[in-house]
Amino acid sequence: MIENLGNLERTHSCGALRKEDVGQRVTLMGWCAKRRDFGPLTFIDLRDRDGITQIVVNQENAAEAHAKAKEVRGEYVLAVTGEVALRDEGARNPKHATGDVEVQARDLVILNDARTLPFQLDAPATEALAAEELRLKYRYLDLRRPQLQGNLRLRHRLLLEINRYMDEHGFTQIETPNLIKSTPEGARDYIVPSRVQPGRFFALPQSPQIFKQICMIAGLDKYYQIARCFRDEDLRADRQPEFSQLDIEMSFATPDQIFTLVEGLFARVFKLIGVDLPTPFPRFTFAEVMQRFGSDKPDMRIEGMELKDLAPALTETTFAPFAGALGAGGQVKGMAVRGGAAMSRKTLDELQEFARRYGAGALAWIKLGDELSSSLLKALGTETVASMAEAAGTAKGDAVLIVAGKPSVVAASLGALRNEVARREELIREGVYAPLWVTEFPMFEFHEDDGRYYSMHHPFTSPLDEDVPALERAVNGEAQLFAGLRAKAYDAVINGVEVAGGSIRIHRRDVQAIVFKALGMSEETARARFGFFLDALGYGTPPHGGIASGIERTLMVLVPTENIRDVMAFPKTASAQDLMIDAPGEVDQKQLAELHLKIVRD
């Protein structure tokens, strides 16, 4: 029988009671996590967001409550009033903070019942959780799991700490619009039709980039906000179509000032999980991390396993895959794996398939066991293979994994293999947090599919001062110079996760116009998309720079988890659907007519 709450008020949460509370009369409210029936005694584990308290309902001294307890099933909502008692020594539960005590119920109110759940909330560690799609469909049930609730409460504490820190450092929180103009550069925009301006559209912001720069032009000096951002892009484990980021901009800022500010912020944030993050963060240029680790977000918990150039050991090779790669301006690189000589042929075959996902044609290997063995012995001979192993920096018991091809393919495949092998072979140092800065990113990246250059970060990123003359020459016909242009851009990386990225911005109107031209925009196109911004740059824009830090990405490191959906209350699936509310959904013809839209189906 479902009853009313009336004037009953809870006195404690289900995670609050301790030995010191023995003898108190308390009222707890929550969900039935588990019920155990022992005839005249019924035990209920009562759960709320703070924890679990064991309730004992005794037929002898609480007959009416005991009768109700017999009706209770999993996830019923209950209010229980009774006395706190110390559990017997052998009955205490160290898994719960309340495990020394129990509440001996005198009254029990069933506030609501519950249907049978579509999946277990407390699946044993030996069993997998229910399929993610099912859990997302019933997200309101999935969120009852203590782990997810703990993640969301950590998120709350993270945001509080950010706000305190930014206020202490003189920043003003300023909200920027969510209905803006579409500026198709980078990821695709989410488009919003205007009802009152037929045929015209807003876009949801991919970031507040232009607005925070305008805040600097306005003389606001130090801006920040926790911004909601939207990107219509293919999703991965660390991406969602809508997400939150800490957005920061400073006038008259140098990279060093921004680095110091952000390092202090992350040091504060990591204290939430009891970690003293080492500062200052070491700094590496983009060229250096790509050369050494094959990734612009290397996981520095992995010791060694750096990429080594094997070309000096192959100066006279006629082996077609290597000679062809080197002759075409490519690379042959190897990576030493400590203890890798013990890897089985099955493991090596699996790693070869893994490398092919990143464009590698093949994965060659060398093992330095009791005897030298290699997939290259027949083609290259013992002497050359031994020279390659030496060039890779191996010792007895190690292995070398080798990839040949274009520099981008070699870096991508060996960089990914570095993480995969370290995971498989348990070479990642546990309990270590290894931050770094990656600086001097390329200004542009070339896309072969359409044969043009794009901004590696965004078109408002400043080139290095010494590269501005080369930028002007590149725009004026010396296209070969584009590949060597560097930006005042930087990323913060922790444990292989990019947790923040930013740059010093272009503050000169003439340099911004050159960058737009470099990106293939005519003056008319640049004017149509960014005319208001080019105008603003002409009214005394101070040098400025900033950074943005993904809230979810940061939480993924703090929790830790490899799935961004574990740190969001209501995430989308990999196909950008909300299964709980069945979105995106269709709209009726009247709404379409008001927006002057018509659906055209293939």
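Up top is the structure these notes are about.
What comes next is a walk through the structure. (Residues numbered from 1 in each chain as written. Predicted model: local features only at pLDDT ≥ 70, side-chain atom pairs only at ≥ 80, totals over all residues. Heavy atoms only, no water.)

Considerations on the overall build of the protein
Looking only at helices and strands, one finds 17 helices and 22 strands in the protein. C-alpha extents for the protein along the principal axes are approximately 90 × 75 × 55 Å. Looking at the protein as a whole, 47% of its 602 residues are labelled buried. For the protein, contacts bridging at least 24 residues in sequence account for 69% of all contacts bridging at least 6. Only carbon and sulfur atoms are counted for the fraction: they give 50% of the accessible area of the protein, which is about 30,200 Å². Separation between the mean location of the 73 positive side-chain charges and that of the 85 negative ones in the protein comes to 2 Å. (Helix = DSSP H or I, 4+ residues; strand = E, 2+ residues; numbered from the N terminus. Buried < 20%, exposed > 50% of the residue type's maximum accessible area, 1.4 Å probe, protein only. Contact = heavy atoms within 4.5 Å. Areas by Shrake-Rupley, 256 points an atom, 1.4 Å probe, with all protein chains shown as cover. Lys, Arg positive; Asp, Glu negative; His and termini not counted. Charge placed at Lys NZ, Arg CZ, Asp CG, Glu CD.)

Focus: the sheet that holds strand S3 (residues 51-58)
Working definition: the strands of a sheet are paired by backbone hydrogen bonds and lie parallel or antiparallel to each other. Pairing is mixed in the closed barrel, where five strands are placed in the order S1-S2-S3-S5-S4. Mean inter-strand twist for the sheet, computed between neighbouring axes without regard to direction, equals 55 degrees. Where strand S4 (residues 77-86) meets strand S5 (residues 101-112), 10 bridges bridge the pair, whose relative direction is antiparallel. Residue pairing in the sheet places Gly82 in a bridge with Ala105 of S5. (Pairing = 2+ DSSP bridges. Axes fitted to C-alpha atoms, helices over the stretch in contact; angles between N-to-C directions.)

Observations regarding the pattern of salt bridges
This structure, assessed with the given rule, holds 52 salt bridges. Between Asp45 and Arg36 there is a salt bridge, with its nearest N and O atoms 3.3 Å apart. Note that Glu353 is salt-bridged to Arg356, the shortest N-O span being 2.9 Å. Placement of the pair is Glu353 and Arg356 together in helix H9 (residues 345-356), with a separation of three residues, close to one helical turn. Overall, Glu353 belongs to the partly exposed group, its relative accessible area being 46%. (Salt bridge = Lys/Arg side-chain N within 4 Å of Asp/Glu carboxyl O.)

Remarks on the side chain of Asn563
Position of Asn563 relative to the elements: it lies in the loop between helix H16 (551-558) and helix H17 (589-594). A residue is classified by how much of its surface remains accessible, and Asn563, at 18% relative accessible area, is buried. Polar side-chain contacts of Asn563 include one of 3.1 Å to the side chain of Glu132. Among the polar contacts made by the side chain of Asn563, one reaches the main-chain amide nitrogen of Arg565 at a distance of 2.9 Å. When residues no more than four places from it in sequence are discounted, the contact partners of Asn563 are Glu132, Ala237 and Met556. (Polar contact = N/O pair within 3.5 Å; in protein donor to acceptor, adjacent residues only side chain to side chain.)

A closer look at the packing of aromatic side chains
In the structure shown here, the tally under the stated rule is 19 aromatic pairs. A ring pair is formed by Phe444 and Tyr453, whose centres lie 6.5 Å apart and whose planes are at 70 degrees; its orientation type is edge-to-face. The two residues Phe444 and Tyr453 agree in class, both being buried. Here the aromatic rings of Phe516 and Phe530 are separated by 4.8 Å at their centres, their planes lie at 15 degrees, and the arrangement is stacked. (Phe/Tyr/Trp six-rings, centres within 6.5 Å; stacked < 30°, edge-to-face > 60°.)

Overview of the sheet that holds strand S21 (residues 497-504)
Spatially, S6-S9-S10-S22-S21-S20-S17-S11 is the arrangement adopted by the eight strands of the open sheet, whose pairing is mixed. Taken across any chain shown, the strands that pair with only one partner, and hence form the sheet edges, are strand S6 (172-173) and strand S11 (283-285). In this sheet, strand S10 (residues 242-251) lies alongside strand S9 (residues 222-230) in antiparallel orientation, the contact comprising nine bridges. Residue pairing across strands places Phe230 opposite Glu242, the latter belonging to S10.

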